[in-house]
Amino acid sequence: MAIVAPSILAANFLRLEDECKMVNESEADRFHLDVMDGRFVPNISFGIPVIEQIKKIAQKPCEVHLMIEEPEKLTEDFRKAGADILIVHIETCRNLHRNIQQIKSLGMKAGVALNPHTPASALSEILQDIDQVCIMSVNPGFGGQKFIDHTFKKIRELKKMIAEMGLHVLIEIDGGVTVENAAPLVHAGTDVLVAGNTVFKSQDPKKVIAQLKAATHYS
Ligand code: DX5
Ligand code: ZN
């Protein structure tokens with residue numbers, strides 16, 4: 001069964017505590033927290049003070065998806081704020097190996113995200129050092145976008161690379177995940193489904209999370 005990570009970006013921020021409690025009580029496995037800087041992506045979301053508050057009530061691991069330039073400058077601060085898994089974009093890291101070592105030395109799991117234009121092969125020399133790959137299935141910066149179908153090819157390529165290298169790196173899909181595409185995504189090799197609008201804009205978020213889990217049951 002896939003890991004389901006609701007993206008708080010789509011939550012109602014006026015009711016953030018209730019939204020987090022809903023995730024706690026649901027079948028979700030972890031929190032997905034999107035940080036944007038208005039430079040790497042054309043949008044600004046939330047940052048360290050908000051993550052600190054979420055961490056106080058989150059009863060599940062928090063993964064922080066950094067869509068920011070020079071993520072290495074804030075790695076330690078995100079650890080202190082409560083990140084259990086830190087995801088950096090390959091497109092923002094000039095010294096990716098060093099950044100990964102820094103993340104791991106602080107006791108976090110390390111993830112690397114790929115924009116839609118970045119090929120799976122870009123990870124060939126770093127795959128053995130990381131815990132998770134986050135494949136962006138939309139252009140980063142906004143929730144509620146349409147899933148890019150070409151992503152399926154990248155999932156299959158990465159799955160093959162990971163298997164050939166004998167590794168246990170998780171494949172995460174972020175953007176445009178729905179109850180309908182959840183099963184095909186897991187079938188193609190996805191381990192972690194991020195879902196923002198699909199969960200939080202529904203009438204019954206807990207039920208949708210349960211549906212996402214159930215859709216991936218057979219794998
Ligand atoms: C987009 C973020 C996503 C976003 C997904 O840049 O990384 O995590 O919240 O939102 P949905 O599931 O609505 O596409
Ligand atoms: Zn994200």
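Everything here concerns the structure above.
Residues numbered from 1 in each chain as written. Chains lettered and ligands numbered in written order. Predicted model: local features only at pLDDT ≥ 70, side-chain atom pairs only at ≥ 80, totals over all residues. Heavy atoms only, no water.

A. Representation of the sheet that holds strand E2 (residues 31-36) within the structure. Read across the sheet, eight strands follow the order E1-E8-E7-E6-E5-E4-E3-E2 without closing on themselves; strand pairing throughout is parallel. Strands with a single pairing partner mark the edges of an open sheet, and in this sheet they are strand E1 (3-6) and E2. Here the average twist between neighbouring strands, direction ignored, is 25 degrees. With five bridges connecting them, strand E4 (residues 85-89) and strand E5 (residues 109-114) associate as parallel partners. Note on E5: the bridge partner recorded for His89 is Ala113. (Pairing = 2+ DSSP bridges. Helix = DSSP H or I, 4+ residues; strand = E, 2+ residues; numbered from the N terminus. Axes fitted to C-alpha atoms, helices over the stretch in contact; angles between N-to-C directions.)

B. Seen up close, the pattern of salt bridges. Using the criterion set out here, one finds eleven salt bridges in the structure. Where Arg15 meets Glu19, a salt bridge forms, and the shortest distance between an N and an O atom there is 3.9 Å. Overall, Arg15 belongs to the partly exposed group, its relative accessible area being 41%. Note on Glu19: relative accessible area 7%, which makes it buried. Across the pair Lys73 and Glu70 runs a salt bridge whose closest N-O atoms are separated by 3.3 Å. Under the relative-accessibility criterion, Lys73 is labelled exposed at 57%. Given the relative accessible area of 36%, Glu70 is considered partly exposed. Each member of the salt-bridge network shares a partner with another, and the members are Arg15, Asp18 and Glu19. (Salt bridge = Lys/Arg side-chain N within 4 Å of Asp/Glu carboxyl O. Buried < 20%, exposed > 50% of the residue type's maximum accessible area, 1.4 Å probe, protein only.)

C. The arrangement of the site of ligand 1 in detail. Lining the immediate surroundings of ligand 1 are 20 residues, of which Ser7, Gly141, Asp174, Gly196 and Asn197 lie closest. Here an oxygen atom of ligand 1 and a side-chain polar atom of Asp34 are 2.8 Å apart. At 3.2 Å from an oxygen atom of ligand 1 is found a side-chain nitrogen or oxygen belonging to His65. For ligand 1, whose unbound accessible area comes to 380 Å², protein coverage reaches 99%. (Near = heavy atom within 4 Å. Polar contact = N/O pair within 3.5 Å; in protein donor to acceptor, adjacent residues only side chain to side chain. Areas by Shrake-Rupley, 256 points an atom, 1.4 Å probe, with all protein chains shown as cover.)

D. Here's a closer look at the pairing of strand E3 (residues 62-67). Burial runs high along E3: six of the six residues are buried. As paired elements, E2 and E3 share six bridges and run parallel to each other. Its bridge partner lying in E3, Asp34 is registered against His65. Between E2 and its parallel partner E3, the chain crosses via helix H2 (residues 48-57), and the hand of that crossover is right-handed. Following the chain from E3 across helix H3 (residues 75-81) to the adjacent parallel E4, one finds a crossover that is right-handed. (Right-handed = clockwise from strand over helix to strand, strands pointing away.)

E. Focus on the packing of aromatic side chains. A full pass over the atoms with the stated rule returns two aromatic pairs. Ring geometry for Phe13 and Phe46: centres 6.0 Å apart, planes at 85 degrees, overall edge-to-face. Here Phe13, found in the loop between E1 and helix H1 (16-25), pairs with Phe46, found in the loop between E2 and H2; they are 33 residues apart in sequence, far enough to count as distant. A residue is classified by how much of its surface remains accessible, and Phe13, at 45% relative accessible area, is partly exposed. (Phe/Tyr/Trp six-rings, centres within 6.5 Å; stacked < 30°, edge-to-face > 60°.)

F. Structural context of the coordination of the zinc ion (ligand 2). With distances of 2.0 to 2.3 Å, the protein atoms coordinating the zinc ion (ligand 2) are His32 (NE2), Asp34 (OD), His65 (ND1) and Asp174 (OD). Considering all six donor atoms around the zinc ion (ligand 2), the spread of angles at the metal, 71 to 170 degrees, places the coordination shape in the octahedral class. Written as a sequence motif, the donor arrangement for the zinc ion (ligand 2) is H-x1-D-x30-H-x108-D. Its relative accessible area of 0% is what places His32 among the buried residues. The class for Asp34 is buried, based on a relative accessible area of 5%. (Donors = N, O, S within 2.8 Å, 3.2 Å for Na, K, Ca; no water. Tetrahedral: all angles 85-135°; square planar, octahedral: opposite > 155°, others 65-115°.)

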